[in-house]
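One-letter residues, chain by chain:
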Amino acid sequence: MAKDYILETRDLTKQFRGFTAVDKVSISVQRGSIHALIGPNGAGKTTFFNLLTKFLPPTSGSIVYNGHDITREKPAQTARRGVIRSFQISAVFPHLTVMENVRVALQRKLGTSFHFWKSDSTLSHLNERAMELLAEVDLESFADIETVELPYGRKRALEIATTLAVDPELMLLDEPTQGMGHEDVGRVVELIRKVAKNRTVLMVEHNMSVISNLSDQITVLARGTVLAEGPYEEVSKNPLVLEAYVGSTEVEAA
Ligand SMILES: Nc1ncnc2c1ncn2[C@@H]1O[C@H](COP(=O)(O)OP(=O)(O)O)[C@@H](O)[C@H]1O
Ligand SMILES: [Mg+2]
């Protein structure tokens, strides 16, 4: 059976004043999968994400999402299609409560018409949905605390909840476990597994045990180009990949 790709890039390229940060990258992301993008520092991972969300315009190449060429779309159009990057739209407000942050994200999705918000039933529905989202990321008991008081690992969970609020079809996660201790990493891994159940996840991640735990498919970038592709068992044994990581401080034991 033919594979069902939600996202395909073709020779996607980004140059910064002659320097090629992303160099003819073609990847295919299967619908419903967790696809990881790895590679040493400076490989072009974040730039690639910025191209997908339209934060940056590509120099050349194309992006096809659900069969539509979205290469020249505006960021908002692409976001409306369901391509959502966590931490891009989900900057959390430190002095709102955890619950209020999720409500703000929900309001952002629904629009800002004043009259629309006068309805009590809309507001109570919003509260209900916010609590559901907090339950999904295991933050119910933190609902009423000020966000600035949240432990670091829990903040990531909140950011994921605010991303889920806009109902992403393709969720882009840039280093979801960055800077976390062992216990928080485990919790975020379980969280990603859970939220990936009815959507597609494309994530940049450095922690190899997280990668091996979660990813169905891995694309390895180095110096802007695709170095290798495949499941963890293959990619982790690929001599080219091991070589690319030599001298990098990012290698972590599986
Ligand atoms: N706005 C920019 N202007 C110039 N060079 C940039 C810009 N953004 C990224 N780069 C360069 O592109 C390369 C890839 O960066 P980046 O995508 O952040 O890599 P990664 O996320 O894999 O660490 C790096 O050499 C970086 O210095
Ligand atoms: Mg990066």
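What counts as what
Residues numbered from 1 in each chain as written. Chains lettered and ligands numbered in written order. Predicted model: local features only at pLDDT ≥ 70, side-chain atom pairs only at ≥ 80, totals over all residues. Helix = DSSP H or I, 4+ residues; strand = E, 2+ residues; numbered from the N terminus. Buried ≥ 20, exposed ≤ 12 C-beta atoms within 10 Å, placed from the backbone. Contact = placed C-beta atoms within 7 Å. Near = placed C-beta within 6 Å. Axes fitted to C-alpha atoms, helices over the stretch in contact; angles between N-to-C directions. Parallel < 35°, antiparallel > 145°, perpendicular 65-115°, else oblique. Left-handed = near helix turned anticlockwise from the far one by under 90°. Expected span 1.5 Å × (residues − 1). Pairing = 2+ DSSP bridges.

Undergrad: Any chance you could break down the overall build of the chain for me, citing the residues and the numbers?
TA: Looking only at helices and strands, one finds 10 helices and 11 strands in the chain. The buried share among the 254 residues of the chain stands at 37%. Pairs at least 24 apart in sequence give 69% of the contacts found in the chain among residues at least 6 apart.

Undergrad: An account of the site of ligand 1 is needed here, citing residue identities and associated values.
TA: Close contacts around ligand 1 come from Phe-16, Phe-19, Ala-21, Gly-39, Asn-41, Gly-42, Ala-43, Gly-44, Lys-45, Thr-46 and Thr-47, and that covers them all. No other element matches helix α1 (residues 45–52), which puts three residues into the shell around ligand 1.

Undergrad: Outline unusual backbone geometry, supporting the account with residue identities and numerical values.
TA: Here Lys-24, not a glycine, exhibits a phi torsion of approximately 50°, which is positive. Looking at the element boundaries, Lys-24 is found in strand β2 (residues 19–25). Lys-24 sits in the partly exposed class, given 15 other C-beta atoms within 10 Å.

Undergrad: Can you explain the packing of helix α6 (residues 152–164) against helix α7 (residues 182–195)? Please cite residues and give values.
TA: Look at α6 against α7: their axes get within 9 Å of each other, and the N-to-C directions meet at 15°. Here α6 lies roughly parallel to α7, going by the angle between them. Handedness of the crossing formed by α6 with α7: right-handed. Residues Tyr-152, Gly-153, Arg-156, Ala-157, Ile-160 and Leu-164 of α6 lie in contact with α7, whose contacting residues are Asp-184, Arg-187, Val-188, Leu-191 and Val-195.

Undergrad: Describe α6, naming the residues involved and giving the relevant values.
TA: An ideal rise of 1.5 Å per residue puts 18 Å on 13 residues; α6 measures up with 19 Å between its terminal C-alpha atoms. Burial analysis of α6 places 10 of its 13 residues in the buried class, which makes it a mostly covered element. Buried residues of α6: Arg-154, Arg-156, Ala-157, Leu-158, Glu-159, Ile-160, Ala-161, Thr-162, Thr-163 and Leu-164, and no others.

Undergrad: Tell me what's going on with the sheet that holds strand β9 (residues 200–204), and back it up with residues and numbers.
TA: Adjacent strands of a sheet form backbone hydrogen bonds with each other and so pair up, either parallel or antiparallel. Strand order in the open sheet formed by six strands is β7-β8-β9-β4-β10-β11, with mixed pairing between adjacent strands. Of all strands in the sheet, those with a lone pairing partner are β7 (83–85) and β11 (225–230), marking the two edges. In this sheet, adjacent strand axes meet at a mean angle of 20° when their direction is disregarded. As defined by bridge partners, strand β4 (residues 34–38) adjoins strand β10 (residues 217–222) across four bridges and the pair is classed as parallel. Each residue of the ladder has a partner; that of Ile-38, found in β10, is Val-220. Relative to the sheet, α1 contacts β4, β7, β8 (170–174), β9 and β10, its axis offset from that of β8 by approximately 150°.

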